[in-house]
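# Descriptive analysis of the structure
For reference, the chains in residue letters:
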Amino acid sequence: MGATSTRPLPRSLSGSRDMTEQQLQARIAELEEQNRKLEKINRALIERVENGGSQGTTPYAAFEHSVVLAEQVRERTDALNNALSELKVSHQDLRQANDQAALAHQRLIDAIESIDDAFVLFDEQRRIVLFNSKFEQVWASTGLSLKTGATIQDINRLAHESGLLVEEYPASDGGNTVFLLSDGRWVQMSERATQDGGLVILYTDITALKQRERADKEQALAQKTRLLQNTVDNLSQGVVLVTPEGRVELWNDRFLELTGVQPEQVRSYPPFAALMLDNPAILQHAMTAAQQGEELASEQRGHQGQVIEVRTHPMPQGGFVNTYTDITERHRYAESLRKSEQWLRLITDNVPAQIAYVDSQLRYRFTNKVYDEWFGKPHGSLYGESICTVYTEQQYARIEPYVQQAVRGESVTFEAWQTNARGEERYMIKSYVANIDPQDEPDGFFVMTRDITERRRSAEALEQSHQLLEQRVKERTSELTYLNEQLRAEIIERAQIEARLLDAKQDAEQANLSKTKFLAAVSHDLLQPLNAARLFSTALSEQIQESRNRELATSVSNSLDDVESLLRTLVDISKLDAGVVQPDIITFKLQDLFDTLAAEFSQMAMADGLQFRCVPTAAVVHTDSQLLARILRNFLTNAIRYTDTGRVLLGCRKRDGGLWIEVWDTGAGIPQAQLEEIFREFRQLGGKRSGKDKGLGLGLAIVDKVARVLGHNIRVQSREGMGSVFAVEVPFGNTILPAPATGPHLPMASDRLQNSVIWLIDNDRSICDGMSTLLEGWGCEVVTALSLEDLQCQVDLATDRVDLMIVDYHLDDGKTGLDAAQVVTAETPGFLPVLLITANYSKELNAEVRDLGYMLLHKPVKPMKLKTSMIHLLEKRNLLEA
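Rules behind the numbers
Residues numbered from 1 in each chain as written. Predicted model: local features only at pLDDT ≥ 70, side-chain atom pairs only at ≥ 80, totals over all residues. Heavy atoms only, no water. Helix = DSSP H or I, 4+ residues; strand = E, 2+ residues; numbered from the N terminus. Buried < 20%, exposed > 50% of the residue type's maximum accessible area, 1.4 Å probe, protein only. Contact = heavy atoms within 4.5 Å. Areas by Shrake-Rupley, 256 points an atom, 1.4 Å probe, with all protein chains shown as cover. Expected span 1.5 Å × (residues − 1). Polar contact = N/O pair within 3.5 Å; in protein donor to acceptor, adjacent residues only side chain to side chain. Axes fitted to C-alpha atoms, helices over the stretch in contact; angles between N-to-C directions. Left-handed = near helix turned anticlockwise from the far one by under 90°. Core = buried A, V, L, I, M, F, W, Y, C linked by side-chain atoms within 4.5 Å. Pairing = 2+ DSSP bridges. Salt bridge = Lys/Arg side-chain N within 4 Å of Asp/Glu carboxyl O. Disulfide = S-S within 2.5 Å. Parallel < 35°, antiparallel > 145°, perpendicular 65-115°, else oblique. Nonpolar A, V, L, I, M, F, W, Y, C, P; charged D, E, K, R; others polar. Phe/Tyr/Trp six-rings, centres within 6.5 Å; stacked < 30°, edge-to-face > 60°. pLDDT = per-residue confidence, 0-100. Arc of directions from axis to C-beta.

## As for the overall build of the protein chain
- Across its full length, the protein chain holds 24 helices and 28 strands.
- Looking at the protein chain as a whole, 38% of its 882 residues qualify as buried.
- The long-range share in the protein chain, meaning contacts at least 24 apart out of those at least 6 apart in sequence, stands at 57%.
- Accessible surface for the protein chain amounts to roughly 50,800 Å². Of this, 51% is attributable to carbon and sulfur atoms.

## What about helix H18 (residues 625-641)?
- With 17 residues, H18 extends 24 Å from end C-alpha to end C-alpha; this agrees with the ideal 24 Å at 1.5 Å per step.
- For H18, the buried fraction is high: 14 of the 17 residues fall into the buried class.
- The N-cap residue of H18 is Asp-624: its side-chain oxygen and the backbone nitrogen of Gln-626 are 2.9 Å apart.

## What about the packing of helix H20 (residues 765-777) against helix H24 (residues 863-881)?
- Contact pair H20 / H24: the axes reach a minimum separation of 12 Å and the direction vectors enclose 65 degrees. The hand of the H20/H24 crossing is right-handed. Contacts from Met-771, Leu-774 and Leu-775 of H20 reach H24 at Pro-863, Leu-866 and Met-870.

## Side note on the nonpolar core
- By size, the foremost hydrophobic cluster in this structure holds 41 residues, and its most contacted members are Leu-628, Leu-632, Phe-635 and Ile-661.
- Taken together, the elements giving at least two residues each to this core come down to strand S17 (586-589), helix H17 (590-607), H18, strand S20 (647-655), strand S21 (658-665), helix H19 (699-710) and strand S23 (723-731).
- When residues of this core are assigned to their parent elements, the largest contribution, 9 residues, is made by H18.
- Not counting chain neighbours up to four residues away, the residues in contact with Leu-632 comprise Leu-593, Phe-594, Leu-597, Ile-661 and Val-728.
- Residues Ala-785, Leu-811, Leu-836 and Leu-845 belong to the second largest nonpolar core, which totals 25 residues.

## Topic: the pairing of strand S16 (residues 442-451)
- Of the pairings in the sheet, the one linking strand S12 (residues 354-358) to S16 comprises 5 bridges and is antiparallel in character. Counted as the bridge partner of Ile-355 is Met-448 from S16.
- Counting the residues that bridge the hairpin from strand S15 (residues 425-436) to S16 gives 5 residues, and of these Asp-440 lies at a positive phi of roughly 60 degrees.

## Details of the sheet that holds strand S1 (residues 118-122)
- With antiparallel pairing, 6 strands are arranged side by side in an open sheet as S2-S1-S6-S5-S4-S3. Looking at strand neighbours, the two that pair on one side only are strand S2 (128-131) and strand S3 (165-169), the edges of this open sheet. Taking the axes of each pair of neighbouring strands and ignoring which way they run, one obtains an average angle of 25 degrees across the sheet.
- Bridging between S1 and S2 involves 3 bridges; their strand directions are antiparallel.

## Let's talk about the pattern of salt bridges
- Summed over the entire model, instances satisfying the criterion amount to 23 salt bridges.
- For Glu-424, the salt bridge goes to Arg-422, with nearest N and O atoms at 3.6 Å.
- Here Arg-715 and Glu-662 are joined by a salt bridge, their closest N and O atoms 2.6 Å apart. With Arg-715 in strand S22 (residues 714-719) and Glu-662 in strand S21, this pair connects stretches of sequence that are 53 residues apart.
- Judged by its relative accessible area of 24%, Arg-715 is partly exposed.
- When its relative accessible area of 4% is taken as the criterion, Glu-662 is described as buried.
- One connected set of salt bridges, linked through shared partners, spans Arg-426, Asp-451, Glu-454 and Arg-457.

## Quick word on the state of the cysteines
- Across all of its chains, the model carries 0 disulfides by this definition.
- Cysteine Cys-652 is unpaired, with the sulfur of Cys-614 as its nearest cysteine sulfur at 8.6 Å.
- Taking the relative accessible area as the measure of exposure, Cys-652 reaches 25% and is therefore partly exposed.

## Some thoughts on the packing of H17 against H18
- Between H17 and H18, the shortest axis-to-axis distance is 11 Å and the interhelical angle comes to 30 degrees. In terms of orientation, H17 lies roughly parallel with respect to H18. The handedness of the crossing between H17 and H18 comes out as right-handed. Mapping the contact onto sequence places Leu-590, Leu-593, Phe-594, Thr-596, Leu-597, Glu-600, Phe-601, Met-604 and Ala-605 in H17 and Ser-625, Leu-628, Ala-629, Leu-632, Arg-633, Leu-636, Thr-637 and Ile-640 in H18.
- Residue composition of the contact of H17 with H18, grouped by class: 12 nonpolar, 3 polar and 2 charged.

## Remarks on the environment of Asp-704
- On the secondary structure map, Asp-704 appears in helix H19.
- With a relative accessible area of 23%, Asp-704 lands in the partly exposed category.
- When the C-alpha positions of Asp-704 and Ile-631 are compared, they lie 8.6 Å apart, and in sequence the two are 73 residues distant.
- Within the structure, the side chain of Asp-704 is placed 3.0 Å from the side chain of Arg-708, a separation counted as a polar contact.

## Topic: the sheet that holds strand S27 (residues 834-838)
- Reading across the sheet, the 5 strands line up as S25-S24-S26-S27-S28 and stay open at both edges, with parallel pairing between neighbours. Bordering the open sheet on either side are strand S25 (781-785) and strand S28 (855-858), each of which pairs with just one other strand. Neighbour-to-neighbour, the strand axes of this sheet turn through a mean angle of 20 degrees, independent of strand direction.
- Both strand S24 (residues 757-761) and S25 contribute to a ladder of 5 bridges, which runs parallel. Bridging across to S25, Trp-759 finds its partner in Val-783.
- Packed onto the sheet, helix H22 (residues 817-827) meets S24, strand S26 (804-808) and S27 and runs at close to 155 degrees relative to S26.
- Helix-sheet contacts for helix H23 (residues 843-852) involve S27 and S28, and the interaxial angle to S28 is about 145 degrees.

## Some remarks on the side chain of Thr-325
- Assignment of secondary structure puts Thr-325 in strand S11 (residues 320-326).
- When its relative accessible area of 17% is taken as the criterion, Thr-325 is described as buried.
- Leave out the neighbours within four places in its chain, and Thr-325 touches Gln-237, Leu-258, Val-307, Ile-308 and Glu-309.

## Considerations on the packing of aromatic side chains
- Following the criterion strictly, the structure yields 9 aromatic pairs and no others.
- Consider the rings of Tyr-402 and Phe-414, whose centres lie 3.8 Å apart with planes at 5 degrees: the pair is stacked. Placement of the pair is Tyr-402 in helix H13 (residues 393-407) and Phe-414 in strand S14 (residues 412-419), with a sequence separation of 12 residues.
- For Tyr-402, a relative accessible area of 27% puts it in the partly exposed group.
- With centroids separated by 4.9 Å and ring planes inclined at 65 degrees, the aromatic side chains of Trp-417 and Tyr-427 adopt a geometry described as edge-to-face.

## Regarding the confidence of the model for the protein chain
- With 78% of its residues at a pLDDT of 70 or more, the protein chain has an overall mean of 77.
- Of the regions scoring below 50 in pLDDT, residues 1-19 engages in 32 contacts with residues more than four places distant in sequence or in other chains.
- Contacts of residues 736-750 to residues separated by more than four positions or lying in other chains number 37 contacts, the stretch itself having pLDDT below 50.

## Notes on the environment of Val-310
- In this structure, Val-310 sits in strand S10 (residues 307-314).
- Take Val-310: its relative accessible area is 0%, and that puts it in the buried class.
- Considered as a pair, Val-310 and Leu-296 are 14 residues apart in the sequence and their alpha carbons are 8.2 Å apart.

## Brief notes about helix H4 (residues 152-161)
- Of the residues making up H4, those classed as buried are Ile-152, Ile-155, Leu-158 and Ala-159. Looking straight down H4, one finds its buried side chains confined to an arc of 130 degrees; they lie on one side. Away from the buried face of H4 by more than 90 degrees, exposed residues Gln-153, His-160 and Glu-161 are located.

## A look at unusual backbone geometry
- Look at Arg-126: it is not a glycine, yet its phi comes out positive at around 60 degrees.
- In this structure, Arg-126 sits in the loop between S1 and S2.
- With a phi close to 60 degrees, Asp-813 is a non-glycine residue in the positive phi region.
- Positionally, Asp-813 belongs in the loop between S26 and H22.

## Description of the pairing of S23
- Of all 9 residues that make up S23, 7 are buried, and the element is covered over most of its length.
- Two strands pair when backbone bridges link them, and S21 and S23 are joined in this way by 8 bridges, in the antiparallel orientation. Looking at S23, one finds that Glu-662 is bridged to Ala-727.
- Remark: 3 residues form the turn of the hairpin made by S22 and S23, two consecutive strands paired antiparallel; Gly-721 in that turn has positive phi of roughly 80 degrees.

Set out below in C-alpha cells:
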C-alpha cells in the first residue's frame, strides 16, 4: 500500500461534498444560460431600436421604447449580479466544507493509525475501502500487498495460500474468532457493521495474553504434579502410574518397597514390563486389566513373602494405575478368624441344642450340625436360606410373632410343638436373643432351641394323675350336700393356692441358698487350695536355680495367676449380678490407696519395660475404698496389658463437687466405635501383646457394675495409635477418718524380712506348709499352727519374740481368726501387727478389721502383695516402737 495521504476518502465522508459541488455547477450553468438569454434579448432590442429609426418612427416613441428596454435590462442585470453574488458565497461555503472534510479525513487516518490493532474497513460489497499500517504489517511476512478494492474472500484465500494462517478457532457463544499465525503470533478478530452496510474488522494481537495463559497453565500443571507426587508419597499404599505406551510415569517409595524395584531402575523411566520381570504375576495381572478395560484385584506374594493386594485401575485415555497394599496382617487375622470359626463350629456342633443365627433379612448366617439335622439338611446348606422357606407355612405362622419381636431388638423365649424331618413331633423351648450392633440397632438374632419333650410329657402325666385324683375325690364326696360341696371346693382351691405359694417360696429360698452356697464355695473352698498352690509355686520358683526348671516353675505360677484371675472375675461378676455387693462408704486419704497401687503396679510395669508414674495428691474422698481399688486395678491392668512401649500414669483432677481419678497410657488406643462396647461382658480388643494374659473380657464390665453400685461416673477417651485415658469420678470427703489398711504404702526393701519371727494360724495344713516354705525363703522364722490352742502349745505368748502375726479368718469349730488375733495381741507385750487373710468380701468384715487396726488380704494371696504387706506392717511396728 502507498502512504496514508494518498488513500481515498471513505464514502461516508466524500458523498455529501460531491452532492454540493454538483448542485453549484448546475446552478452556475443555469445562471449563465439566463445571462446569455438576457444578452441576446438586449441585442435584439437594440437592433430593433436601430432598425425602427430607419423606418421613420418617431424619435420620441423610439426613445420611450429604449428607456423601457433599458429598465428591463437593468433589472435583469441586477438579478444576474445577485445570482453571481450568491454563487460566490456558495462557492466559498463549498471550499470551507471541502477543507473540513479533508481535515476530518486526516483525523480519521490519524485515529486508525493510532490504535494498536490492525484496522480494515469494507463497503457493502465487502471490498476494502480503508486500512491502517498495522493491517499491512500482518501481511508483511508473506510478501503480499493488499490494496483497496480487495474483498474478504481474497483475504481469506491469500491467508491460506501464503501459509500466514496456521490454525483458526471459530467464534462460539457470541465470542471472537482467534487465529494462530505462521510466525507464532495469536490474533483475535472482532467485527462490527456500519450504518451504510459496510463492515469494520479489528485484528488484535493477543500473543502476550496467550503466552501468559500458557505459562499459568504450565505453572498450575507443575503445582498439581507436585501436589500429586506429595500425596502419592504420603499414601500407605504403593502406587504406580503407567502411560498408554507402557512406561512408568509416577510412583512412590511404598511401590519400590513392596515390589523390590530399585530406585535407580525406576528413575530411568523404563517400560513397566521391564520393572516387573521379577514379579510376573503382578505384571500379568496389570496387563490383563489394561486389555479388558476394567478394574481388577488380586492377591500376590511379595519378594519378601508378604501378602500384597494388587488393584489395577484402567484410565479412560489409556494406561492404568496400580495400587499395592500390604495385607499380610489382615491375611493373618483372616486366617486366625477362620481357625477360630472352625473351633467355634466344632464346639457348637457338639452341643446338644439347636443353635443358629438369623440376620435382619431373616436369612440364616450360621447353623450348627444339630440344627441342620433337625430339618434333614446337609451340614451348612441352610446358609443364606430364608427362615420363611425352611419352615412350612403353618409352622412359620406359629413362630412369626416371636420372630418379629426378635427383629425389633427384643429377646423372647417360648415353647411350642415342632415336627422334625423324620416326622417326629417334639416339644421345644426356643430362645430368640436379639443382636444389638454398636449403634444400638437390632441386627438379627441368635436362635437356641432345646428338646424338652420328656419334661413336657412328665408334666402332662402329673397333671393327668392330678386330674384323676380330683375326679376320684369328687366321686367319693358326691354324697355330701350342695353346701358341703361348695365349701369343700373352696377349701381345696385355697389349699392349692397356699401350696403353690409355699412351693414358690421354698423354691426361691432354695435358689437363693444355692447361690449363696455357690458363692461361699467359690470364695473359700475353691480359693483355699489355689492359695496353697500359689504359695508352693512361688516358693519353688525362688528356690530353683536351674534356668529350665525355673521357667517351668514360672509357667506354673503364671497358670495359677490365670486360674485365680478367672475365678475371682467370675465370683465378682456373679456377686454383682446377684446384688449381694453392698458398698462400705468411708472417708479416707486417696494417697494411701495411690501408694498401695503404685507399689503393686510399678513392678508389673517394670517387668513389661514400661514407665509407671503416680502423681501425689492430698485429696480426701468419700467412697468404698475396696471397690474403688478394684476399679483402678482394672484400669491399670488394662493400661499395662495394652501398652507395648511408653508409660502409664495414675493421677487425679479436681472438679466441682468431686474428683476425677484418671489412668493414662500410651498404648494402641481404642476405635471410637468400640468405646461403649468394651464395657460389655466378654468383649475384648484385638490388639494385645503376645505373651500377656488375655482374660475373659469381664474387667471393664465389672468396672461398670461396681461404678453403678457406688453411683460413680466412668469416662473413657482414646485416640488410635496415641493411647487412652480411663477415669472414675468420686466425691470429696468432709472429714478425715483413719485410712483403711488396703495395702503397703512404703517401698519394698527385700532385706527387711530377714530374721523376722512370724506366727501363722491356718486350719489348712497345706496352706501352713506352703506359707512356711515361702516365708522361710524370704529369710523369716515361721511358727505355723492349725488353731489358737496349737499355737499356745508351741510358743509362750507373753515372753516369746514375735514380729508379725498372719491368721486365716475361717478356723475350725466356728472360730474365726479375729478371735484368735485378739487373744494373742492381748497377751503379747507391745504392738503386734496382724495380717488377716480371707476369701470373705463382706463390708461388715472389712469394717471390723479396720476398727481393730488390722490389715486385710483376700485369697488367693499374691506373693508379691503378701511380701509388700508384711514389710509395711513391720515398718509400722518399728515406727510405733520408736
